[in-house]
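Summary of structural features
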Amino acid sequence: MKTSIGIKDADLKKVAKLLNVLLADEHIIYMKTRNAHWNVEGADFHAAHLFLESQYDELAEVIDEVAERVRTLGHYAVGTFDKYLKLTRLTESTSEKTDSQSYYKELLADHESIAMSIRADLSVVEGTADNGTEDFLVGLLEKHEKMAWMLRAHFVK
């Protein structure tokens with residue numbers, strides 16, 4: 001059934017496409033965080049392991065929310081890693097180091113990258129009548145900024 005929520009079809013398609021790219025980014029950072037959780041080593045293992053678990057739990061919720069927003073707009077959420085890797089603005093993990101600081105640096109850069117991407121996405125969504133997605137993206141921006149702060153707090157100046 002056609003989605004009739006007061007937004008032009010072309011705008012719904014444009015925003016759904018943008019959200020699917022974000023969904024790919026969220027999946028990549030989720031898997032990188034899971035990988036860090038599974039493989040972190042060092043004297044701070046226990047604390048790092050628990051911290052990373054809290055981060056990937058939050059990202060799992062974000063993934064579901066992004067996919068559901070795409071569906072709310074009447075489009076389909078991408079759901080394969082093949083498509084995620086084609087759509088993402090992030091890169092897969094490249095470091096072979098397994099200490100918490102190395103993982104945190106890479107994840108921090110990704111959260112900051114997603115925050116910048118969301119800001120750019122907001123400028124696209126502002127040109128549509130999709131205030132719901134605009135509000136949704138602002139909420140996600142705040143989550144990524146907070147997650148970045150949490151990672152940043154692990155570094156000594």
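Residues numbered from 1 in each chain as written. Predicted model: local features only at pLDDT ≥ 70, side-chain atom pairs only at ≥ 80, totals over all residues. Heavy atoms only, no water.

1. Concerning the UniProt feature "domain: Ferritin/DPS" (unreviewed entry) in the protein chain
The feature "domain: Ferritin/DPS" (unreviewed entry), as given by UniProt, occupies residues 17–155 in the numbering adopted here. End C-alpha atoms of residues 17–155 are separated by 36 Å, and the span's content is 76% helix alongside 0% strand. (UniProt positions renumbered as here; feature names shortened; annotations may be inferred. Helix = DSSP H or I, 4+ residues; strand = E, 2+ residues; numbered from the N terminus.)

2. Brief notes about a nonpolar patch on the surface
A cluster of nonpolar residues, Met31, Trp38 and Phe81, forms a patch on the protein surface that exposes about 320 Å² of accessible area. Relative to the elements of secondary structure, Met31 occurs in helix H1 (residues 9–39). Given the relative accessible area of 32%, Met31 is considered partly exposed. (Patch = residues over 30% accessible without salt bridge, like charges linked within 9 Å, V, L, I, M, F, W, Y side chains within 5 Å. Areas by Shrake-Rupley, 256 points an atom, 1.4 Å probe, with all protein chains shown as cover. Salt bridge = Lys/Arg side-chain N within 4 Å of Asp/Glu carboxyl O. Buried < 20%, exposed > 50% of the residue type's maximum accessible area, 1.4 Å probe, protein only.)

3. Observations concerning the side chain of Asp121
Its place among the elements puts Asp121 in helix H4 (residues 100–125). Accessibility expressed as a relative area gives 7% for Asp121, which makes it buried. Dropping the residues within four chain positions of it, Asp121 is found in contact with Leu18, Arg89 and Leu137. (Contact = heavy atoms within 4.5 Å.)

4. Section: helix H2 (residues 45–72)
Taking 1.5 Å per residue as the helical rise, H2 with its 28 residues ought to reach 40 Å, and the 40 Å between its terminal C-alpha atoms agrees with that figure. The first or second residue beyond H2 is Gly74, which carries a positive phi of 90°. (Expected span 1.5 Å × (residues − 1).)

5. Quick notes on the nonpolar core
Formed by 44 residues in total, the largest nonpolar core has its most connected members in Leu19, Leu22, Val66, Ile118, Leu137 and Leu140. Residue assignment for this core shows that the elements contributing at least two residues are H1, H2, H4 and helix H5 (131–152). In terms of residues, this core owes the most to one element, H1, which gives 12 residues. Leave out the neighbours within four places in its chain, and Leu140 touches Leu22, Val62, Glu65, Val66 and Ile118. (Core = buried A, V, L, I, M, F, W, Y, C linked by side-chain atoms within 4.5 Å.)

6. Structural notes on the pattern of salt bridges
As enumerated under the stated definition, the model contains 11 salt bridges in all. A salt bridge links Asp9 to Lys2, with the nearest nitrogen and oxygen atoms 2.6 Å apart. According to the relative accessible area criterion, Asp9 is partly exposed, its value standing at 46%. Overall, the relative accessible area of 56% leaves Lys2 in the exposed class. Of the charged contacts in the structure, one is a salt bridge between Arg89 and Asp121, with a shortest N-O distance of 3.2 Å. Of this pair, Arg89 sits in the loop between helix H3 (81–87) and H4 while Asp121 sits in helix H4, and the two are 32 residues apart along the sequence. The exposure class assigned to Arg89 is partly exposed, which follows from its relative accessible area of 34%. Taken together, the salt bridges that share partners define one network made up of Asp25, Arg89 and Asp121.

7. Some words on the packing of aromatic side chains
One pass over the full model with this rule turns up three aromatic pairs. Measuring from ring centre to ring centre gives 6.0 Å for Tyr30 and Tyr56, while their planes differ by 85°; the resulting arrangement is edge-to-face. Placement of Tyr30 in helix H1 and of Tyr56 in helix H2 is noted, with a sequence separation of 26 residues between them. Tyr56 matches Tyr30 in its accessibility class, with the two residues each being buried. Measuring from centroid to centroid gives 5.5 Å for Phe51 and Tyr104, while their planes differ by 85°, and the two rings are edge-to-face. Residue Phe51 is located in helix H2, and its partner Tyr104 is located in helix H4; the two are separated by 53 residues in the primary sequence. A single burial state applies to Phe51 and to Tyr104, both of which are buried. Sitting above the plane of the Tyr56 ring, Arg34 keeps its charged end 4.0 Å from the centroid. (Phe/Tyr/Trp six-rings, centres within 6.5 Å; stacked < 30°, edge-to-face > 60°. Lys NZ or Arg CZ within 6 Å of the ring centre and 35° of its normal.)

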